[in-house]
Amino acid sequence: MANETKRDILLDVQHLKKYFNVAGGQLHAVDDVSFTLERGKTLGIVGESGCGKSTTGRAILRLIEPTSGSVYFEGQDISKLSKEEMRKLRKEIQIIFQDPFSSLNPRQTVSQTIEEPLKIHGMKNKAERQARVRELMETVGLAERLANAYPHELDGGRRQRIGIARALAMNPKFIVCDEPVSALDVSIQAQILNLMKDIQRKHGITYIFITHDLSVVNHFSDDIAVMYLGRMVEKAPAEALFEEPLHPYTKALLSAIPVPNIHSKKERILLKGEVTSPINPPKACRFASRCEYATDKCRCEEPELIEVKPDHFVACHLLKKE
Amino acid sequence: MSNDMNKTNDVMLDIKNLVVEFKTEDETVQAINGIDLKINKGKTHGLVGETGAGKTTTALSILNLVPFPAEKPTAGTIELDGVHLYKTNEKGECVPALTEKDYQSIRGEKVAMIFQDPMTALNPIFTVGDQIAESVRLHQNVDQAKAMERAREMLELVGIPAKRADDYPHQFSGGMKQRVVIAMALACNPSLLIADEPTTALDVTIQAQVLEMMRGLRDKFGTSVLMITHDLGIIAEMCDEVSVMYAGRIVEYGNLEDIFDNTRHPYTQGLFNSLPNIEDRKAELKPIRGLMPNPADLPKGCAFCPRCDYAMEICKTVRPERKWLSETHCVECHLYDDGKDVSKL
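Residues numbered from 1 in each chain as written. Chains lettered and ligands numbered in written order. Predicted model: local features only at pLDDT ≥ 70, side-chain atom pairs only at ≥ 80, totals over all residues. Heavy atoms only, no water.

A. Representation of the overall build of chain A. Of the regular secondary structure elements, chain A holds ten helices and twelve strands. Taken over the C-alpha trace, chain A has a radius of gyration of 21 Å; the compact-globule value for 322 residues is 20 Å, and the two agree within 12%. Structurally, chain A occupies a C-alpha span of about 65 × 50 × 45 Å along its principal axes. Relative to its 322 residues, chain A shows a buried fraction of 52%. (Helix = DSSP H or I, 4+ residues; strand = E, 2+ residues; numbered from the N terminus. Rg over C-alpha atoms; globule rule 2.2 N^0.38 Å. Buried < 20%, exposed > 50% of the residue type's maximum accessible area, 1.4 Å probe, protein only.)

B. Just the pattern of salt bridges, in detail. Residue and element names in this part refer to chain A. Scanning the model with the defined rule gives 38 salt bridges over all chains in all. As a salt-bridge pair, Arg-7 and Asp-311 come within 3.2 Å of each other at their nearest N and O atoms. Of this pair, Arg-7 sits in the segment before strand S1 (9-22) while Asp-311 sits in the loop between strand S11 (306-309) and strand S12 (312-314); the two residues are 304 residues apart in sequence, bridging distant segments of the chain. When its relative accessible area of 26% is taken as the criterion, Arg-7 is described as partly exposed. Given a relative accessible area of 31%, Asp-311 falls into the partly exposed group. (Salt bridge = Lys/Arg side-chain N within 4 Å of Asp/Glu carboxyl O.)

C. Focus on the packing of aromatic side chains. Counted by the stated rule, this structure contains twelve aromatic pairs over all chains. On the numbers, 6.3 Å between centres and 40° between planes, the contact of Phe-73 of chain A with Phe-174 of chain A is tilted. One end of the pair, Phe-73 of chain A, is in strand S4 (residues 68-73); the other, Phe-174 of chain A, is in strand S7 (residues 174-178), with 101 residues separating them in the sequence. Aromatic pair Tyr-246 of chain B and Tyr-267 of chain B: ring centres 4.4 Å apart, planes at 50°, arrangement tilted. With Tyr-246 of chain B in strand S11 (residues 241-246) and Tyr-267 of chain B in helix H11 (residues 266-274), this residue pair connects regions lying 21 residues apart in the sequence. Assigned by exposure class, Tyr-246 of chain B and Tyr-267 of chain B land together as buried. Directly above the aromatic system of Phe-220 of chain A lies the positively charged group of Lys-197 of chain A, at a separation of 5.8 Å from the ring centroid. In this arrangement the basic side chain of Arg-164 of chain B is found over the ring face of Phe-172 of chain B, its NZ or CZ atom lying 4.1 Å from the centre. (Phe/Tyr/Trp six-rings, centres within 6.5 Å; stacked < 30°, edge-to-face > 60°. Lys NZ or Arg CZ within 6 Å of the ring centre and 35° of its normal.)

D. Geometry of the interface of chain A and chain B. Between chain A and chain B, the contact holds 41 residues from the first and 40 residues from the second. With both chains or domains summed, chain A and chain B bury close to 3500 Å², and 57% of this area falls on carbon and sulfur atoms. Interface area lost by chain A to chain B is led by Val-186, Ile-262 and Glu-274 of chain A, which between them contribute 18%. Across the pair Glu-237 of chain B and Arg-268 of chain A runs a salt bridge whose closest N-O atoms are separated by 3.0 Å. Where chain A packs against chain B, one counts 16 residue pairs in polar contact (both at pLDDT 80 or more). Looking at the side of chain A that touches chain B, the elements that each hand over two or more residues are helix H6 (186-203), helix H7 (214-220), helix H8 (238-243) and helix H9 (248-255) of chain A. No other element matches H6 of chain A, which puts eight residues into the side of chain A that touches chain B. (Contact = heavy atoms within 4.5 Å. Buried area = accessible area lost by both parts, 1.4 Å probe. Polar contact = N/O pair within 3.5 Å; in protein donor to acceptor, adjacent residues only side chain to side chain.)

E. Representation of the sheet that holds strand S5 (residues 83-84) of chain B within the structure. Residues and elements named next belong to chain B. In spatial order, the strands read S2-S1-S4-S5; together these four strands make up an open sheet with antiparallel pairing. Edge positions in the open sheet fall to strand S2 (28-40) and S5, since each of these has one partner strand only. As paired elements, strand S4 (residues 75-80) and S5 share two bridges and run antiparallel to each other. Considered in S5, the bridge of Glu-79 is made with His-84. (Pairing = 2+ DSSP bridges.)

F. A look at the sheet that holds strand S5 (residues 76-77) of chain A. Residue and element names in this part refer to chain A. If you trace the four strands from one edge of the open sheet to the other, you get S2-S1-S4-S5, paired in antiparallel fashion. In this open sheet, the two edge strands, each paired with only one partner strand, are strand S2 (25-38) and S5. As defined by bridge partners, S1 adjoins S4 across five bridges and the pair is classed as antiparallel. For Val-13, the partnering residue across the bridge sits in S4 and is Val-71. In the packing of helix H1 (residues 53-60) onto the sheet, contacts are made with S1, S2 and S4, and the angle to S1 comes to roughly 115°. (Axes fitted to C-alpha atoms, helices over the stretch in contact; angles between N-to-C directions.)

G. Spotlight on the environment of Ala-143 of chain A. All names here are of chain A. Mapped onto the fold, Ala-143 is located in the loop between helix H4 (126-139) and helix H5 (156-168). Accessibility expressed as a relative area gives 32% for Ala-143, which makes it partly exposed. Here the alpha-carbon distance between Ala-143 and Arg-158, two residues 15 residues apart in the chain, equals 9.7 Å.

H. View of the nonpolar core. In this structure, Ile-164 and Met-196 of chain A are the most contacted members of the largest nonpolar core, which totals 65 residues. When residues in this core are grouped by element, the largest group, seven residues, is from H6 of chain A. (Core = buried A, V, L, I, M, F, W, Y, C linked by side-chain atoms within 4.5 Å.)

I. Examining the packing of H5 of chain A against H6 of chain A more closely. Residues and elements named next belong to chain A. Two elements in contact, H5 and H6, have axes separated by 10 Å at closest approach and are oriented at 15°. By the criterion of interaxial angle, the relationship of H5 to H6 is roughly parallel. Here H5 and H6 pass one another in a crossing that is right-handed. The segment H5 lies against H6, with Gly-157, Gln-160, Arg-161, Ile-164 and Leu-168 engaging Ile-188, Gln-191, Ile-192, Leu-195, Met-196 and Ile-199. Of the residues contributing to the contact of H5 with H6, the split by class is seven nonpolar, three polar and one charged. (Parallel < 35°, antiparallel > 145°, perpendicular 65-115°, else oblique. Left-handed = near helix turned anticlockwise from the far one by under 90°. Nonpolar A, V, L, I, M, F, W, Y, C, P; charged D, E, K, R; others polar.)

J. Broad picture of unusual backbone geometry. All names here are of chain B. Here Phe-68 and Pro-69 are connected by a cis peptide whose omega angle stands at 5°. Of note, Pro-69 is situated in the loop between helix H2 (55-62) and S4. Residue Asn-64 is not a glycine yet carries a positive backbone phi of 50°. Summarising the element assignment, Asn-64 is placed in the loop between H2 and S4. Phi angles above zero are rare outside glycine, and Glu-71 is one such case at about 65°. Among the secondary structure elements, Glu-71 is positioned in the loop between H2 and S4. According to the relative accessible area criterion, Glu-71 is partly exposed, its value standing at 49%.

Below, the structure written as structure tokens:
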């Protein structure tokens, strides 16, 4: 805790909640999530469908309004900003979407798509804008001859490069990447991951990397947060998380990855049952119904996220601070 | 002769020189360009490759369900448990060898297919019990009550309580829907199960459950499986043999050790290098450069040549022949032409 002051914290999320009103009550998509993120680092958020990882990313950017909680970006609480102030800040904070097939306007060419944010944020000189578009296309590895192509003429990998160029247009400090490579084939996926790493190295960008793919997140992130049904159940440096996962859910999740190695003798922890409904969840550990170690306490009290080892946070009644 | 007979009896599926072309007004899309694939009884054969490699078209050819505008293979033969599914006519064209009625009785009974997306593979307006019972009634001479009984039995087998037979698909989660689809596929004890990306739409913990269950059922019934996937991790876990497909060709084939430990084709090697290594997070990804070729305009020589780090002059013009490196392992690559160093990669 003492060295906290030395760290250059870019993003500080406190008690972020997003509840949706649905037919059966309230769906707790994100339920009291707190974390900090250092400048220039990557936080990977992993979890299965419906765990709230995308909602967390969007609530941080206020693409959906959080129900409650604060998001401090460079010390400023952006959850309190007006629409106009927020619009100005959007230069600094960007998002790359999962599906490069639906996140691009089919009636805009590659250069128009990349140029749009420049226009919106007041780059008035057309020649200047076009020079910037060319520069961005080069950065993300799009050939200049594609400037006038439409999205439907391009494959998924190239479309995702447009999405990245568009996000980079205003030199953001922070980008939320929401499953940026999930829709791509592995050979193309590796190209895009390498590109995003290069960009981070060159421009010092901070990423939140949301994915369900554990081997990708391990490769890409400095820290990893594991979410389960709207709660953050574990957060640790990537190495620590993979070497010594502490939460029973993280253990099961890591053991379930099929490894492309025929000599790997991994002990598989098979979870029983399915993810329970996030609608009006009971006051209990949300993993208790699938957890083989669950006790009575787990079924009536929600565990807090505590730091059990330096930088290693876990929300589980079985684990105590060392 | 008797030896030959024995040989064919071990073979569940035998595809020879299969070609599928889709002719449109202005181009010919070469989806499959001459593949051979053999699955012995009780074995699981993995077919791995990226989008557009021709994996699903191969599966649909076995079921005689190749979509318009091709509707049938252009050339080649497919034999299923000794029965010819296609034959070559006087003009040298490939034509169906059976009547549509015969194919119908094969589909679901001898060969069953699990599709990738369980959300769209089930009919939303019938209960899951009815849907499983339907395939039983189509193939076995039983009444509705008997068929429903079988449906409940199958649900239990895939880990769903029998009483849920009266529920509709929307009442199930993704993982459970896929189990229903698997129950339906196995209801008539097929000899060959084609699983087309059966767990791609599922979360990883659910995927682990479903794969475990499939393994158990396969071993119990001795079903042969054609496992189509893009995930080498699943191949390592489920399969006996692997075919790596690229641009409509099988570029490398072998058993698990051949493919995972003695990788020979530059494309297979590229696939492995593109995957983040879970045991070494610092290892740099080495992607395959460039993109898949347009199947309507394939390179003249080796289809992988424009992306290959080892490409030579000959690769641009001459398509490599299949070369057997051992009894179990073959590759289509000029690096292994006669007299060349076979441990190149």
